[in-house]
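What follows is the residue order along each chain.
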Amino acid sequence: MPRQFIDLSVALEAEIASDPDVMLPQIEYMSHGETAQQVMDFFPGLQKSDLPGGEGWALEKLCIYTHNGTHLDAPYHHHSTMDGGKPAMTIDEVPLEWCFNPGVKLDFRHFDDGYLVTPDDVDAELDRIGHKLQPLDIVVVNTSAAAHYGKPDYLAKGCGMGRAATLHLLEQGVRLTGTDAWSWDAPFSTTAKRYAQTGDASLIWEGHRASMDIGYCHIEKLTNLDQLPGTGFTISCFPFKIKAASAGFTRAVAIIED
C-alpha cells in the first residue's frame, strides 16, 4: 500500500536563531579537498595525486547539545525523579514502544504567544477532530512557533502546555508528546513575567515537571505539523541512543497510509 512520509524534523543548522545563545550548535564542515591528507595518513606512501580528483572524504565536526535540533526529551531532563519518586528514565531507557504509534495533532495556532493551554482546550480540540485518546497515542501540538523557526523571535513564539493540560493527556495513557515550539512549556520570556508578578516558582517549567507525577517524553522543535490531519497517521520518532543522557536527536516522521 502506498505511503506518504512527512518529515517533522528541522535540519541541524548553525548560525540561525534556534536556541538561546549559550546553547547554539556549531558545525565545522571539512570538504573533500581539505581532508586528502587524512586519507594519505592512513596509507603511507599514498600521494594526493593518487586520489580521485585529489579528494579525500567529506566530514563534519559538531559541537552541540543533545537539545539542539529536533530532539526527544527523556523524563530525566525534567527532573531526577518520575512517577512519584522513582528514578527518572534517561534517553537510552525510554521504551521503544512509546516512539512508534498513532499520532494526534492538536491545532493551537490561534492561541496567543505565551498562552497556557488548559484541559478544556485539549478536550475542545479533540471534540473538533472527533478523536478519543487511546493509550500511547503520540500527541503533537501545532503552535504558531514553527513559522518563526530560525528567526530572532522564535524563542518567544507559541503557546505552552500547562501542568494541568499535560497531566490531562498523561492520565489518559499518553506517554509521548511533541511541539513545534522551542519548549513544551510557555516561552521563558512569558513565564519570567508571571514569576516576577507572583513569586510562584511552581510556574517555571510546569509542563515538563508534570513528569514527576507521571513520566513521559516529548519532542521539541518539530516542523510541518500544519501538513498533518488531526488523526489518521503514525509517528515514528526513535531517539538517538546516548548513554545516561537527558535527550536524543530524532528524525521524527509522520506516515500516512493511502
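Everything below is about the structure printed above this text.
What comes next is a walk through the structure. Each chain has its residues counted from 1, running along the sequence as written. The predicted origin of the model limits local features to residues at a pLDDT of at least 70 and limits the giving and counting of side-chain atom pairs to 80 or more, whereas totals for whole chains, interfaces and linings rest on all residues. With hydrogens and water stripped out, all remaining heavy atoms of the structure feed into the side-chain values.

Comments concerning the environment of Ala-36
Then, in step 1: On the secondary structure map, Ala-36 appears in helix 1 (residues 36-42).
Then, in step 2: Each C-alpha atom of the pair Ala-36 and Ser-183 lies 42 Å from the other, and the pair is 147 residues apart in sequence.
Then, in step 3: Any two residues whose heavy atoms approach within 4.5 Å at even a single point are treated as in contact. Excluding its chain neighbours within four sequence positions, the residues that come into contact with Ala-36 are Lys-48, Leu-51, Gly-54 and Gly-56. For helices the rule is a DSSP run of H or I covering at least 4 residues; for strands it is a run of E covering at least 2, with both sets numbered from the N terminus onward.

Let's talk about the environment of Glu-206
Then, in step 1: In this fold, Glu-206 is placed in helix 6 (residues 206-209).
Then, in step 2: Placed 85 residues apart in sequence, Glu-206 and Asp-121 show a C-alpha to C-alpha distance of 17 Å.
Then, in step 3: Those residues within four positions of Glu-206 in sequence are excluded, and the remaining contacts are Leu-116, Gly-162, Arg-163 and Asp-185.
Then, in step 4: Any pair of nitrogen or oxygen atoms within 3.5 Å is treated as a polar contact; in protein, a donor-acceptor pairing is required on top of that, and neighbouring residues in sequence qualify only through side-chain atoms on both sides. Among the polar contacts listed, one links the side chain of Glu-206 to the backbone nitrogen of Arg-163, at a separation of 2.9 Å.

Re the state of the cysteines
Then, in step 1: Our working definition of a disulfide is a cysteine sulfur pair at a distance within 2.5 Å. This model, assessed by the stated rule, comprises 0 disulfides.
Then, in step 2: In this structure Cys-99 is a free cysteine whose sulfur lies 4.9 Å from that of Cys-237, the closest cysteine sulfur available.
Then, in step 3: Cys-99 supplies the cysteine sulfur nearest to Cys-217, a cysteine that is in no disulfide, at a spacing of 6.4 Å.
Then, in step 4: For Cys-217, a relative accessible area of 0% puts it in the buried group. The buried label goes to any residue with under 20% of its type's maximum accessible area, the exposed label to any with over 50%, and the partly exposed label to all in between, with areas taken from a 1.4 Å probe on protein chains only.

Examining the packing of aromatic side chains
Then, in step 1: We call Phe, Tyr and Trp rings a pair once their centres come within 6.5 Å, taking the six-membered ring for Trp, and we label the pair stacked below 30 degrees between planes, edge-to-face above 60, and tilted otherwise. With the rule as written, the count across this model stands at 7 aromatic pairs.
Then, in step 2: Taking 5.4 Å as the distance between ring centres and 90° as the angle between the ring planes, the aromatic pair formed by Trp-182 and Phe-188 counts as edge-to-face.
Then, in step 3: Look at Trp-182 and you get buried, because its relative accessible area is 15%.
Then, in step 4: Their ring planes at 50° and their centres at 6.4 Å tell us that Phe-240 and Phe-249 sit as a pair that is tilted.
Then, in step 5: Relative accessible area serves as the criterion here: at 51%, Phe-240 is assigned to the exposed category.
Then, in step 6: Among the residues examined, Phe-249 registers a relative accessible area of 26% and is labelled partly exposed.
Then, in step 7: Taken together, the ring pairs in this structure connect Phe-108, Phe-111 and Tyr-115 into an aromatic cluster.

Description of the packing of helix 3 (residues 119-129) against helix 4 (residues 163-170)
Then, in step 1: Axis angles are defined between N-to-C directions and span 0 to 180 degrees, where every axis is a line fitted to C-alpha atoms and, for a helix, only to the segment in contact. At a minimum axis separation of 8 Å, helix 3 and helix 4 run at an interaxial angle of 50°. Considering the angle they form, helix 3 stands oblique to helix 4. Contacts from Pro-119, Val-122 and Asp-123 of helix 3 reach helix 4 at Ala-164, Ala-165, His-168 and Leu-169.
Then, in step 2: We call Asp, Glu, Lys and Arg charged. Ala, Val, Leu, Ile, Met, Phe, Trp, Tyr, Cys and Pro are nonpolar, and the rest, Gly among them, are polar. Of the residues belonging to the contact of helix 3 with helix 4, the class tally is 5 nonpolar, 1 polar and 1 charged. Each angle receives one of four descriptions, namely roughly parallel if under 35 degrees, roughly antiparallel if over 145, roughly perpendicular if within 65 to 115, and oblique otherwise.

Comments concerning the pattern of salt bridges
Then, in step 1: A pair is scored as a salt bridge if a Lys or Arg side-chain nitrogen falls within 4 Å of a carboxyl oxygen belonging to Asp or Glu. All chains considered together, the criterion is met by 8 salt bridges.
Then, in step 2: Of the charged contacts in the structure, one is a salt bridge between Asp-7 and Arg-251, with a shortest N-O distance of 2.9 Å. Residue Asp-7 is found in strand 1 (residues 3-7), and its partner Arg-251 is found in the loop between strand 14 (247-249) and strand 15 (253-257); the two are separated by 244 residues along the sequence.
Then, in step 3: Residue Asp-7 is classed as partly exposed on the basis of its relative accessible area of 27%.
Then, in step 4: When its relative accessible area of 59% is taken as the criterion, Arg-251 is described as exposed.
Then, in step 5: Between Asp-213 and Arg-163 there is a salt bridge, with the nearest N and O atoms lying 2.4 Å from each other. With a gap of 50 residues between them, Asp-213 in the loop between helix 6 and strand 12 (217-220) and Arg-163 in helix 4 connect regions that are remote in the sequence.

A look at the sheet that holds strand 7 (residues 100-107)
Then, in step 1: For two strands to be treated as a pair, DSSP must find no fewer than two bridges joining them. Strand order in this open sheet of 9 strands is 1-15-13-7-9-11-12-4-14, and the pairing throughout is mixed. The outermost strands of the open sheet, each flanked by one partner alone, are strand 1 and strand 14. Direction aside, neighbouring strands of the sheet carry axes that sit 30° apart on average.
Then, in step 2: With 3 bridges connecting them, strand 4 (residues 71-73) and strand 14 associate as antiparallel partners. Within strand 14, the position partnered with His-71 by the bridge is Phe-249.

Shape descriptors only; they carry no functional weight alone.
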